[in-house]
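# Structure assessment
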Amino acid sequence: TIGVMIMLKQIGEKLLKVGAYLTAINRYNEVADNNNPNDKYNLALCYEGIGDFGLAGTLYNEALDTDLNNLIYAEGVGRVERLKREYGLMSNVQE
């Protein structure tokens, strides 16, 4: 059973790399360990990919909370905050 979970996570990672975000989200949700910061980070990447910056930010922050020295998690937080600001500015201009 552990081998199957590892294989499904690897499939999720491959789906993420090719931009199949919704399918990757479904795969990760089947096997992700809610306490594993790397799983949270990968899910955050998927949600960022589909433009759900709120959920992506939440997951990046949860991952970062477990390891405050992880620069990759911190970059995710910063990136999604920048995207949220840019999106907010773009939506104000369009109105």
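This one's a predicted model, so the numbers in the text were calculated from it and none came from an experiment. (Residues numbered from 1 in each chain as written. Predicted model: local features only at pLDDT ≥ 70, side-chain atom pairs only at ≥ 80, totals over all residues. Heavy atoms only, no water.)

From N to C terminus, the protein chain includes five helices and zero strands. Each helix and strand of the protein chain, ordered N terminal to C terminal, gives the series α-α-α-α-α. Scored against the burial criterion, the 95 residues of the protein chain give a buried share of 33%. Accessible surface, the protein chain as shown: approximately 6,000 Å² in total, 55% of it carbon and sulfur. (Helix = DSSP H or I, 4+ residues; strand = E, 2+ residues; numbered from the N terminus. Buried < 20%, exposed > 50% of the residue type's maximum accessible area, 1.4 Å probe, protein only. Areas by Shrake-Rupley, 256 points an atom, 1.4 Å probe, with all protein chains shown as cover.)

A separate point is the pattern of salt bridges. The full count for this structure, using the stated rule, is five salt bridges. A salt bridge links Glu 30 to Arg 27; its shortest N-O distance comes to 3.1 Å. Note that Glu 30 and Arg 27 are positioned in helix H2 (residues 21–31) at a spacing of three residues, about one turn of the helix. In this structure Glu 30 comes out as exposed when scored by relative accessible area, which is 52%. (Salt bridge = Lys/Arg side-chain N within 4 Å of Asp/Glu carboxyl O.)

This part is about the nonpolar core. Counting 19 residues, the largest nonpolar core has Leu 43, Tyr 47 and Tyr 60 as the members making the most contacts within it. Elements supplying a minimum of two residues to this core: H2, helix H3 (37–49), helix H4 (53–66) and helix H5 (71–94). When residues in this core are grouped by element, the largest group, six residues, is from H4. Setting aside residues up to four positions removed in sequence, Leu 43 forms contacts with Ile 25, Tyr 28, Asn 29, Ala 32 and Leu 59. (Core = buried A, V, L, I, M, F, W, Y, C linked by side-chain atoms within 4.5 Å. Contact = heavy atoms within 4.5 Å.)

So far we have only geometry, and geometry alone does not tell us how the molecule works.
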